[in-house]
Amino acid sequence: DDIFDQLKGAVVETAMEKHMWEDKASEMLRVIQLNTLEDRSVPDKQQWDGAIRFLEESLNEKMKANENNLRQVVGPGWYERWASWKSATPEQKAKNATKGELEKILTAEADHGPHLSYEEITTVRRNLATQGVDVDNEAIRETWYLVNRKHFLQRALQRCYDCRRGFWMYHQGLESELDCGDTVLFWRIQQMLRVTANALRQQVMNREARRLEKEIKEVLEEMSQDKEAKQKLLTGRRVQLAEELKRVRQIQEKLEEFIKALNTGGHD
């Protein structure tokens, strides 16, 4: 009933503000999560494949976001400029040239760290200057962050693809060139999320639902004693009609008292 919509919303909001998760439940959940994360042994191929899908989806999501950010920095690519008649700004053109120089660094050193050295920045600026492009150090670092992030995500995604066939070697404990540490990590995260969801579900069903129900009843009791809150929260056409009927009934009672008084006076 729409009469109670505002009241229900206010009750839920107030109850949620007052509700506090039990301390012992939070501590128990933390212990469960830590114990689950300690397990580093993926038991079967099905869970291995599930972890790889989880990792792949996460990496692709990050890749897409990074590509969008990179496109905003360096402008549209050749095909988009040709097909959609879009053009890059002078700043985007400068950063696109910077991107080309930075990609050369990663090609020469695939395991490059997350930061550029002063010498590398100086070399990039000098190479760009020979092309007639003038950029400052901050523009190089900004572009490097996105270019290096793309390189890192691409390598992680390739490892993910390679590890699809790596479960048997992992399970047998054999030495190999495959680095599937990311897969194992995401399996542990996946297990932790599953165990956490189960623990939260049990806690809600066993304890929190009853505690929240009690708190909602207390809030309703408090609001029932608050005349101003009832006037503010109980609204709608039916409430207006009820108030009008109440006033009509009061007027009718007054009229009846008046008529009764007239009749009594007439008999006298």
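Please read all numbers here as calculations on a predicted model, not as lab measurements. (Residues numbered from 1 in each chain as written. Predicted model: local features only at pLDDT ≥ 70, side-chain atom pairs only at ≥ 80, totals over all residues. Heavy atoms only, no water.)

Summing up its helical and strand segments, the protein chain has eleven helices and zero strands in all. In the protein chain, the order of α-helices and β-strands from amino to carboxyl end is α-α-α-α-α-α-α-α-α-α-α. Sequence-distant contacts in the protein chain: of pairs separated by 6 or more residues, those separated by 24 or more amount to 76%. Of the roughly 19200 Å² of accessible surface on the protein chain, 54% is carried by carbon and sulfur atoms. (Helix = DSSP H or I, 4+ residues; strand = E, 2+ residues; numbered from the N terminus. Contact = heavy atoms within 4.5 Å. Areas by Shrake-Rupley, 256 points an atom, 1.4 Å probe, with all protein chains shown as cover.)

With respect to the helices and strands, the residue Thr-14 is situated in helix α1 (residues 5–18). Residues Thr-14 and Val-219, 205 residues apart in the sequence, show an inter-C-alpha distance of 7.3 Å. If we ignore the near neighbours within four places in the chain, the residues touching Thr-14 are Val-219 and Met-223.

On to the nonpolar core, then. Residues Leu-102, Leu-116, Val-124, Val-135 and Ile-140 are the most contacted members of the largest nonpolar core, which totals 18 residues. Contributing elements (two or more residues each) for this core: α3 (45–74), α5 (90–108), α6 (118–130) and α7 (137–162). Broken down by element, the residue count for this core peaks at five residues, all from α7. Apart from the residues lying within four places of it in its own chain, the contact partners of Leu-102 are Leu-116, Val-124, Ile-140, Thr-143, Trp-144 and Val-147. Counting residues in each nonpolar core, the second largest holds 17 residues, with Leu-59, Leu-153, Ala-156 and Cys-160 among its members. (Core = buried A, V, L, I, M, F, W, Y, C linked by side-chain atoms within 4.5 Å. Buried < 20%, exposed > 50% of the residue type's maximum accessible area, 1.4 Å probe, protein only.)

Time to look at the pattern of salt bridges. Counted according to the given criterion, the structure contains ten salt bridges. Salt-bridge contacts for Glu-56 lead to Arg-164; the nearest nitrogen and oxygen are separated by 2.8 Å. Of the two residues, Glu-56 is situated in helix α3 and Arg-164 in the loop between α7 and α8 (167–172); the sequence distance between them amounts to 108 residues. Among the residues examined, Glu-56 registers a relative accessible area of 18% and is labelled buried. (Salt bridge = Lys/Arg side-chain N within 4 Å of Asp/Glu carboxyl O.)

With respect to the secondary-structure elements, Phe-186 resides in helix α9 (residues 181–224). A relative accessible area of 18% means that Phe-186 is categorised as buried. Through-space distance from the C-alpha of Phe-186 to that of Ser-58 is 9.8 Å; in sequence the pair is 128 residues apart. The contacts of Phe-186, once residues within four sequence positions are left out, are Ala-51, Phe-54, Leu-55 and Ser-58.

Let's shift gears to the side chain of Arg-188. Structurally, Arg-188 is set in helix α9. Once residues within four sequence positions are removed from consideration, Arg-188 is found in contact with Leu-37, Asp-39 and Arg-40.

This part takes up the side chain of Glu-101. Counting through the fold element by element, Glu-101 comes out in helix α5. The class for Glu-101 is buried, based on a relative accessible area of 6%. At a separation of 3.1 Å, a polar atom in the side chain of Glu-101 contacts the side chain of Lys-104. Every residue in contact with Glu-101, bar those within four places of it in the chain, is listed here: Val-124, Asn-127, Leu-128 and Gln-131. (Polar contact = N/O pair within 3.5 Å; in protein donor to acceptor, adjacent residues only side chain to side chain.)

Moving on, we come to the confidence of the model for the protein chain. Confidence in the prediction of the protein chain, expressed as mean pLDDT, is 83, and 85% of residues score 70 or more. Taking the mean pLDDT of every element in the protein chain, the minimum, 63, falls on helix α10 (residues 227–233) and the maximum, 95, on α6. (pLDDT = per-residue confidence, 0-100.)

A word on α6. Taking 1.5 Å of rise per residue, the 13 residues of α6 would be expected to cover 18 Å, and the 19 Å separating its terminal C-alpha atoms lies within 8% of that figure. Buried within α6 we find Ile-121, Val-124 and Leu-128. The arc that holds the buried residues of α6, viewed along the axis, is 60°, so those residues lie on one side. Exposed residues lying more than 90 degrees from the buried face of α6 are Tyr-118, Glu-119 and Thr-130. Next to the buried residues of α6 lie α5 and α7. Residue Gly-132 follows α6 closely and has a positive phi angle near 80°. (Expected span 1.5 Å × (residues − 1). Arc of directions from axis to C-beta.)

Taken as a whole and judged by the stated rule, the model has one cavity of 30 Å³ or more. Reported here for the largest cavity is a volume of approximately 40 Å³. What lines the largest cavity is simply Trp-21, Ala-25, Met-28, Leu-29, Ala-199, Leu-200 and Gln-203. For the lining of the largest cavity, the elements supplying multiple residues, two or more each, are α2 (23–38) and α9. (1 Å grid on protein atoms, 1.4 Å probe; cavity = no way out; pocket = protein on both sides within 12 Å on 5 of 7 lines; lining within 4 Å. Points joined across faces, edges and corners; volume = space filled by probe spheres on them.)

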